[in-house]
Amino acid sequence: MSDPSSPPLTTRDRYNIFVDRIIINIENGKLLSKEHVYRILSESLEAGTGEIFERALEEHANLLQANFDAQSDEVKQAKAKQKLRAMQILQDAWEQWQKNYQIQDACARGIDNILKVEPQERLAALIQVLDPNQIPVFERPHIQYLAQLLQKKAETLADDAEAFALRQFAIGLNRGLESFDRLEGYLISWLYESQKQVGFERTKAISPWHSWALQTASPLPRDLFSGQASNQSAAEIAKAQRSLDLSAWVELAILLQYLQNGLVHWFDRQPYDAQAGMHMTGITFISFAMIWGELSSGFQNSALAESDRQSLAKICFRMSLQTLRTFAQRENFPLYGGVFASFAGESFRETISYLDQPLKEAKNTEEKARILTVLGYSQFWMGHQQQAIALHQEALTLARQVDDRRCEIANLNHLSRISLIQKDFHTSEAQAQRAVILARQNGDRQGEANALANLGYSEVMLARQQEVITPADLETPIAHLERGQHLSEKLNDLQNQSLCWVGLGSAYVAIEQPSQAQIALEKSLTLTQRIGDRDLQALSHAYLGETYYQLHQLESATYHACLGMYLLEQRHSKAWQQSAALVIILQGKLGEASFTNILQQQRSHLISQIGVDGFDHLPNLIERYRKGE
């Protein structure tokens, strides 16, 4: 019997006694499993005292370990080891209790956040709770428990409409997980179909949408996937909505997030080609962000009630923003191009513009700067140079505000590259020089490689504007391009390597060293064909035409000069006239009959590059140049 005059036991004292009793009961076989111990912990631990219990547990574990280490007698050592095993069972049960408590605590706070807003704002609050950029991230156990809490809370609400909405949330959460379970086995099966390309474009490459649509039972995801498979904007799905099915949209939110995460995880783990994996990871993030952006646009023009229309449009933009923020926080976030190579042609639909709106809501300046960098590159890739410049300038300003040097260097390089395309070589040179300095100061090898390529190419182009060029004039530009090429090769940056080789080829042509030019330009042509860069491919052919002319190989010069002329004109580059001038010279040297004969001999090769229409268009271009058009 305890002494009534003694002070009451502290929580720490009670937990020390509790731990002793648990250890004894495990030793005596009264508690036979971790699950049994877990139930005892759940019934005995007081709210808010977890840290005290953990300290008591740690002290006992240290004492038991010290006792075991001190034993030399085998019998005593065996008994001490038995106590350690009992302690391990208790510790395992405690870890499981902590994990479950954290889930329960996070979900309870989530429910509070959902219920404290007006009923019409609760779907937006749920989406905010599920935001993957929040801590903790809601994994499957969180979502399952949150669904249980929503069901229970619905039973306590007097308002039938509010209770119905919470039940719809719960149904949608569970269905989202179930839908993903059905699709998980088909997550990457589409990659192994017998096609040539892999990507998310809907015309020439394998994409997941058709495969997923076939395996999806729920109407809304099935319609969305079918639309994507047929190159239909997701906006059409939202526009077609005549009533609001909360459970269906919650299900879609969970399903798309799990599909996105599953693809990203798989691409990240590809050991055979880390660059390809990173490329597809970027495409995945942008694809799903675009879908949410398109849905938002569609809701703004749907037949739903005004309040529902605006609410859903805002929620979908938030989902788009969440996806972009997750993308921007990755260590291997692609500050340089390549992300959009698989959005070729019709499939891209120029829907990247839908992503402008969610960025206006972005509060984290560093993330926003990085996202704008990728969007700027995408606009440049589509040929929208002025939009690209505006995005890169804004990203540059934001990057400087938060001292994100890698992002600052990247945007200087992107702006320099655009200035190159616009033939503003002085501006390009200045931007590249600044990028080189910053990259070297910050140890940014990729930034330095891109800056050296831009700088060397700009210097070559400026030198070529002189009436007389000597090897000494191009010594420094060639050194910059060679260094940029060497760094790019180490980084496996094919785009930048291509630019360096084209720049070197142009330099060697300018100082009439055609053998060196031929080596550089044939390498550039191989790379540009591999990565699909039509601008650099056109320039490679144009400079190869000049190279073979200097080597007195007039047939090869004719082939490449004609290709360069056609491809540059198709890219709306005035440089086509330079190739056309060479074609006229070749025509004069060879004679009309020999020139025409060479074209006919090369016809099949030319058609393989530019098609029959392109081949037939060559005489028209020659005539246009003659007339000075």
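Residue positions are given per chain, counted from 1 along the sequence in the order it is written. The predicted nature of this model means local features are confined to residues of pLDDT at least 70 and side-chain atom pairs, given and counted, to a pLDDT of 80 or more, with totals for whole chains, interfaces and linings taken over all residues. Water and hydrogen atoms were dropped before computing side-chain values, which therefore reflect all heavy atoms in the structure.

1. Section: the overall build of the chain
Check the secondary structure of the chain and you find 27 helices and 0 strands. For the exposure calls, accessible area comes from a 1.4 Å probe over protein chains only, and a residue counts as buried if that area is under 20% of its type's maximum, exposed if over 50%, partly exposed in between. Every one of the 629 residues in the chain was classed for burial, and the buried ones make up 51%. Any pair of residues with heavy atoms lying within 4.5 Å of one another is described as a contacting pair. Long-range contacts, defined here as pairs at least 24 residues apart, represent 68% of the contacts in the chain between residues at least 6 apart. For the chain, the exposed area adds up to about 29,900 Å²; of that, 48% sits on carbon and sulfur atoms. Each helix is a run of DSSP H or I of at least 4 residues and each strand a run of E of at least 2, with the numbering of both proceeding from the N terminus. Residue burial considers only the protein chains on display, and all accessible areas are found by Shrake-Rupley using a 1.4 Å probe.

2. A closer look at the packing of aromatic side chains
Whether two aromatic rings pair depends on their centres lying within 6.5 Å, for rings of Phe, Tyr and Trp, where Trp uses its six-membered ring; planes under 30 degrees apart make the pair stacked, over 60 edge-to-face, and the rest tilted. Applying the stated criterion across every chain yields a total of 13 aromatic pairs. Here Trp209 and Trp212 contribute two aromatic rings whose centre-to-centre distance is 5.5 Å and whose plane-to-plane angle is 90°, an arrangement assigned as edge-to-face. Of this pair, Trp209 and Trp212 both sit in helix H8 (residues 209–215), 3 residues apart, roughly one helical turn. We classify Trp212 as buried; its relative accessible area is 0%. Consider the rings of Trp212 and Phe225, whose centres lie 5.7 Å apart with planes at 65°: the pair is edge-to-face. Separated by 13 residues along the polypeptide, Trp212 in helix H8 and Phe225 in helix H9 (residues 219–229) bring together distant segments of the chain. Among the aromatic residues, those joined into a ring-pair cluster are Tyr15, Phe18, Phe53, Trp94, Trp97 and Tyr101.

3. Here's the deal with the side chain of Glu251
Position of Glu251 among the secondary structure elements: in helix H11 (residues 246–268). Positive charges come from Lys and Arg alone, negative charges from Asp and Glu alone, with His and the N- and C-terminal ends not counted. A side-chain nitrogen of Lys or Arg and a carboxyl oxygen of Asp or Glu constitute a salt bridge if their distance falls within 4 Å. Arg182 provides the closest opposite charge to the buried, unpaired Glu251, separated from it by 4.9 Å. Leaving out residues up to four positions away in the same chain, Glu251 has contacts with Gly172, Arg175, Gly176, Ser179, Ser218 and Pro221.

4. Remarks on the pattern of salt bridges
If you walk through the whole model with that rule in mind, you get 16 salt bridges. For Asp181, the salt bridge identified is with Arg140, shortest N-O distance 2.6 Å. Remark: Arg140 occurs in helix H6 (residues 140–156) and Asp181 occurs in helix H7 (residues 160–184); sequence separation between them is 41 residues. Of the charged contacts in the structure, one is a salt bridge between Asp403 and Arg405, with a shortest N-O distance of 3.3 Å. The structure contains a network of salt bridges with shared partners spanning Arg400, Asp403, Arg405 and Glu408.

5. Remarks on the packing of helix H24 (residues 554–570) against helix H27 (residues 603–626)
For the pair H24 and H27, the least separation of the axes is 9 Å and the interaxial angle reads 80°. For the element pair H24 / H27, the angle class is roughly perpendicular. Between H24, through Tyr559, Cys562, Leu563, Met565, Tyr566, Leu567, Glu569 and Gln570, and H27, the contact on the second element is made entirely by His605, Leu606, Gln609, Ile610, Gly614, His617, Leu618, Leu621, Ile622 and Arg624. Across the contact of H24 with H27, the residue classes break down as 11 nonpolar, 5 polar and 2 charged. Geometry is summarised by axes, namely lines fitted to C-alpha atoms with helices restricted to the contacting stretch, and by angles between N-to-C directions that run from 0 to 180 degrees. Comment on the angle field: the value is read as roughly parallel under 35 degrees, roughly antiparallel over 145, roughly perpendicular from 65 to 115, and oblique elsewhere. Each residue receives one of three labels: charged for Asp, Glu, Lys and Arg, nonpolar for Ala, Val, Leu, Ile, Met, Phe, Trp, Tyr, Cys and Pro, and polar for the others, Gly being one of them.

6. Details of the nonpolar core
What we call a nonpolar core is a set of buried Ala, Val, Leu, Ile, Met, Phe, Trp, Tyr and Cys residues that are connected through their side-chain atoms within 4.5 Å. With 68 residues, the main nonpolar core has Leu146, Trp212, Phe225, Leu259 and Leu295 as its most contacted residues. Ranked by residues supplied to this core, first place goes to H11 with 14 residues. Beyond its immediate chain neighbours, meaning those up to four positions away, Trp212 contacts Leu183, Tyr186, Leu187, Trp190, Phe225, Leu259, Leu263 and Phe288. Within the second largest apolar cluster, 59 residues are counted, among which are Met461, Leu474, Ala575 and Leu582.

7. What to know about the environment of Ser378
Its location among the elements puts Ser378 in helix H15 (residues 365–381). Among the residues examined, Ser378 registers a relative accessible area of 0% and is labelled buried.

8. Thoughts on the confidence of the model for the chain
When pLDDT is averaged along the chain, the result is 86, and 90% of the positions lie at 70 or above. Across residues 338–354, where pLDDT falls below 50, the model places 57 contacts with residues more than four positions away in sequence or in other chains. As a per-residue quantity, pLDDT reports the predictor's confidence and falls between 0 and 100.

9. With respect to the packing of helix H17 (residues 405–421) against helix H18 (residues 425–442)
With their axes 8 Å apart at the nearest point, H17 and H18 run at an angle of 160° to one another. The angle between the axes of H17 and H18 places the two elements in the roughly antiparallel class. For the pair H17 and H18, the crossing hand works out as left-handed. Taking contact as the criterion, the partners of Arg405, Glu408, Ile409, Leu412, Asn413, Leu415, Ser416, Ser419 and Leu420 in H17 are, on H18, Phe425, Thr427, Ser428, Gln431, Ala432, Arg434, Ala435, Leu438, Ala439, Gln441 and Asn442. Looking at the contact of H17 with H18 residue by residue, the classes come out as 9 nonpolar, 8 polar and 3 charged. Left-handed describes a crossing whose near helix is turned anticlockwise from the far helix through less than a right angle; right-handed describes the clockwise counterpart.

10. Observations regarding the environment of Gln518
Residue position: Gln518 is located in helix H22 (residues 514–531). Taking the relative accessible area as the measure of exposure, Gln518 reaches 21% and is therefore partly exposed. For the pair formed by Gln518 and Ser506, sequence separation is 12 residues and the distance between their alpha carbons is 9.9 Å. Excluding its chain neighbours within four sequence positions, the residues that come into contact with Gln518 are Leu544, Thr547, Tyr548 and Leu551.

11. Some points on H9
At 3.6 residues per turn, the α-helix brings residues three or four places apart onto the same side. Within H9, burial applies to Leu220, Pro221, Leu224, Phe225, Gly227 and Gln228. The buried residues of H9 occupy one face: seen down the axis, they fall within an arc of 160°. Backbone geometry just after H9 places Asn231 at a positive phi near 65°. Along the arc lie the directions from the helix axis toward the C-beta atoms.

12. Focus on helix H4 (residues 74–115)
Each helix should span, by expectation, one fewer than its residue count multiplied by 1.5 Å. The terminal C-alpha atoms of H4 lie 61 Å apart, and with 42 residues this matches the ideal 62 Å at 1.5 Å per residue to within 8%. One side-chain oxygen of the residue at the start of H4 lies 3.1 Å from the amide nitrogen of Val75, identifying that residue as Asp73. Counted as a polar contact is a pair of N or O atoms within 3.5 Å, where, for protein atoms, one must be capable of donating a hydrogen and the other of accepting one, and residues adjacent in sequence contribute only when both atoms are in side chains.

13. Considerations on unusual backbone geometry
The amide bond that connects Ile135 to the next residue, Pro136, takes the cis arrangement and shows omega of 0°. Mapped onto the secondary structure, Pro136 falls in the loop between helix H5 (122–129) and H6. One non-glycine residue, Asn231, lies in positive phi territory at about 65°. We classify Asn231 as buried; its relative accessible area is 13%.

14. Re the environment of Ala56
Note that Ala56 resides in helix H3 (residues 50–70). Measuring from C-alpha to C-alpha, the distance between Ala56 and Val19 comes to 7.7 Å, with 37 residues separating the pair along the chain. The residues touching Ala56, leaving out its near neighbours within four places in the chain, are Tyr15 and Asn16.

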